[in-house]
Amino acid sequence: MTIYHDEVFQMACDQFQVIADYLNIEKNDRDRLMYPKRSVAVTLPVHMDDGSTNTYQGYRVQHHLTLGPTKGGTRFAPTLSMGETAALAMWMSWKCALANLPYGGAKGGIACDPSKLSRRELEAVSRRYMQEMIPFVGPHTDIMGPDMGTNEQVMAWFMDTYSMYTGYTVNEIVTGKPVSIGGTEGRREATGRGVVYLIDRAMDILKMNPEKCTAIVQGFGNVGSVAALALAMKSGVKVTGISDATVALYNPDGIDIVAADRHVLKKGNLRAFTEADRVDPNEMLEMKCDILVPSAVDRVINEKNAEKLQCRILAEGANGPTTPEADLLLNKRFGEVFVIPDILCNAGGVIVSYFEWVQGLQSFLWTESEVTDKLFRILEHSFVQVIKRAKDHKVSHRTAAMAIGVERVMKAKHARGLFP
Ligand code: GLU
């Protein structure tokens, strides 16, 4: 048993072993590729508004240092553990390598519920986390970004805390910042836009007419809300189901996503949005639709529901939404369900984070349309490679995508030697 002992880490390892078998990777190389290079756990004492002091656990996992600095988001979630953080870091490695970004994967975060913290408490916990991480991160070592439970404001506090320590502004230490302090136009929308770019490509290949298609989107955060909006407003797809942590909503005639988005901006969640029927959140995933977009938490597509999915396209906006057991069942339905695997589907976020990092290092500025154009070009290249590999080798899209990523990391490790 290792410090990473956790169900999600086990899932990431199981997925990796499938790829390692397919690529015939030797045992020694497997362990080197799989286990994180470096992991940090910190305790964060914070003064609360009521005068008490709370302590929070924080983590950062740097999965490999072979291709450049590590890169990945920061998650604030009540159940976050070292093992889950390590799994998310491993997925970031394959995601960055598939997109050909010069990074190893990383992930970090704090076991806390940000919705229960006041703004002052959230600032205190965020700044304390970055303070503790200063010895381990840097623009050429490890660059943080946003993830579940964090946003542009949290990134701004990270950047400020790091910069106060160095004595000058280091905006390339963090991506996903507000545009006013070196953030990149279009970063916030990047993941959701990327998801929909790839859905459009899949509809194209499958000769589906978007105007006749319906979509169900699980999660209405930074990924799900932008994806739902783009599906409805740009692709012309009817979005019949949406959900967040508070409620799942369904309307066969289509939900007004602009109104839902406005509602969430005002109220913080979908709970009181009444323009659709409430449904069971798990059953929503099994309802009939053409496109299913899980964009919330991991392991929601599992052995219980994989055979029951009624979608034609499964577009994984979340990290790790599909378990290896579900993959086996979905592989049997290869011609029926077109999977756009997470490390391809949600790569838009980290790709635009890469642009933001380069902009910071070079003091460049790009317009939103330049950013989106470059983003779509990288996604297109990855998409074509994945589809071709899957077809040529008769493997699933996930196997093809992960294999391309793992091969790139392995090649670099072999070229460099044993250390990184
Ligand atoms: N959290 C995002 C992901 O899971 C990206 C983080 C980043 O931009 O570094 O891909």
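These notes cover the structure that comes with them. As the structure is a computational prediction, the values presented were derived from the model and not from experiment. (Residues numbered from 1 in each chain as written. Predicted model: local features only at pLDDT ≥ 70, side-chain atom pairs only at ≥ 80, totals over all residues. Heavy atoms only, no water.)

Summing up its helical and strand segments, the protein has 14 helices and 12 strands in all. Here the C-alpha radius of gyration of the protein, 20 Å, is about what a compact globule of 420 residues would show, namely 22 Å. With the principal axes as the frame, the protein shows a C-alpha extent of 55 × 55 × 45 Å. By the burial criterion, 59% of the 420 residues in the protein qualify as buried. Relative to all contacts within the protein whose residues are 6 or more apart in sequence, the contacts with residues 24 or more apart total 70%. Between the centroid of the 47 positive side chains of the protein and the centroid of its 49 negative side chains there is a distance of 4 Å. (Helix = DSSP H or I, 4+ residues; strand = E, 2+ residues; numbered from the N terminus. Rg over C-alpha atoms; globule rule 2.2 N^0.38 Å. Buried < 20%, exposed > 50% of the residue type's maximum accessible area, 1.4 Å probe, protein only. Contact = heavy atoms within 4.5 Å. Lys, Arg positive; Asp, Glu negative; His and termini not counted. Charge placed at Lys NZ, Arg CZ, Asp CG, Glu CD.)

The ligand sits among 15 residues. The nearest are Lys71, Lys95, Pro146, Asp147 and Ser353. Pro146 is positioned such that a nitrogen or oxygen atom in its backbone is 2.8 Å from a nitrogen atom of the ligand. Of all the secondary-structure elements, those providing two or more residues to the shell around the ligand are strand E3 (70–76), helix H3 (82–98), strand E5 (142–146) and helix H12 (348–362). Looking at the shell around the ligand residue by residue, the class counts come to three nonpolar, seven polar and five charged. (Near = heavy atom within 4 Å. Polar contact = N/O pair within 3.5 Å; in protein donor to acceptor, adjacent residues only side chain to side chain. Nonpolar A, V, L, I, M, F, W, Y, C, P; charged D, E, K, R; others polar.)

A pair can form between side chains of opposite charge whenever their charged atoms are brought close. Tallied over the full model, the rule gives 26 salt bridges. The salt bridge partner of Arg127 is Glu123, with a shortest N-O separation of 2.8 Å. In this pair, Arg127 and Glu123 are both assigned in helix H4 (residues 119–133), four residues apart and thus about one turn of the helix distant. A relative accessible area of 25% places Arg127 in the partly exposed class. (Salt bridge = Lys/Arg side-chain N within 4 Å of Asp/Glu carboxyl O.)

Glancing now at the packing of aromatic side chains. Taken as a whole and assessed by the stated rule, the structure comprises 12 aromatic pairs. Ring centres 5.7 Å apart and planes at 15° place the aromatic pair Phe16 and Trp94 in the stacked group. Within this pair, whereas Phe16 is found in helix H1 (residues 7–22), its partner Trp94 is found in helix H3, the two being separated by 78 residues in sequence. Of the residues examined, Phe16 reaches a relative accessible area of 0% and is grouped as buried. Each ring, one from Tyr162 and one from Tyr165, has its centre 6.5 Å from the other, and the planes form 55°; the classification is tilted. Of this pair, Tyr162 and Tyr165 both sit in helix H5 (residues 152–166), separated by three residues, roughly a single helical turn. You can call Tyr162 buried: its relative accessible area is 9%. According to the relative accessible area criterion, Tyr165 is exposed, its value standing at 55%. What links up through ring pairs into an aromatic cluster is the set Tyr103, Tyr354, Phe355, Trp357, Phe364 and Trp366. A cation over an aromatic ring shows up here: Lys374 above the ring of Trp366, its NZ or CZ 4.7 Å from the ring centre. (Phe/Tyr/Trp six-rings, centres within 6.5 Å; stacked < 30°, edge-to-face > 60°. Lys NZ or Arg CZ within 6 Å of the ring centre and 35° of its normal.)

The next thing to look at is the sheet that holds strand E2 (residues 53–62). Sheet architecture is open: five strands sit in the order E1-E2-E4-E3-E5, paired in mixed fashion. The open sheet has two edge strands with one neighbour each: strand E1 (38–47) and E5. Put simply, the sheet's adjacent strands are angled 20° from each other on average, direction ignored. Sitting on the sheet, H3 touches E1, E2, E3 and strand E4 (104–110), and the angle it makes with E4 is about 150°. (Pairing = 2+ DSSP bridges. Axes fitted to C-alpha atoms, helices over the stretch in contact; angles between N-to-C directions.)

In this section: the sheet that holds strand E11 (residues 313–315). With respect to topology, seven strands assemble into an open sheet ordered E9-E8-E7-E6-E10-E11-E12, the strand pairing being mixed. Two strands in the sheet have a free side with no partner beyond their single neighbour: strand E9 (277–278) and strand E12 (338–340). Of the strand pairs in this sheet, strand E10 (residues 291–294) and E11 are connected by two bridges, and their pairing is parallel. Considered in E11, the bridge of Leu292 is made with Leu314. Contacting E10, E11 and E12, helix H6 (residues 187–205) runs over the sheet at an angle of about 160° to E11.

Along its 19 residues, H6 runs 27 Å from first to last C-alpha, staying within 8% of the 27 Å computed at 1.5 Å per residue. Approximately 30° is the largest bend angle found in H6, and it occurs at Arg193. Following H6 by one or two positions, Lys207 adopts a phi angle in the positive range, close to 55°. (Expected span 1.5 Å × (residues − 1). Bend = angle between axes of the 7 residues up to and from the residue.)

Everything listed here is a matter of coordinates, which is why it stays silent on function.
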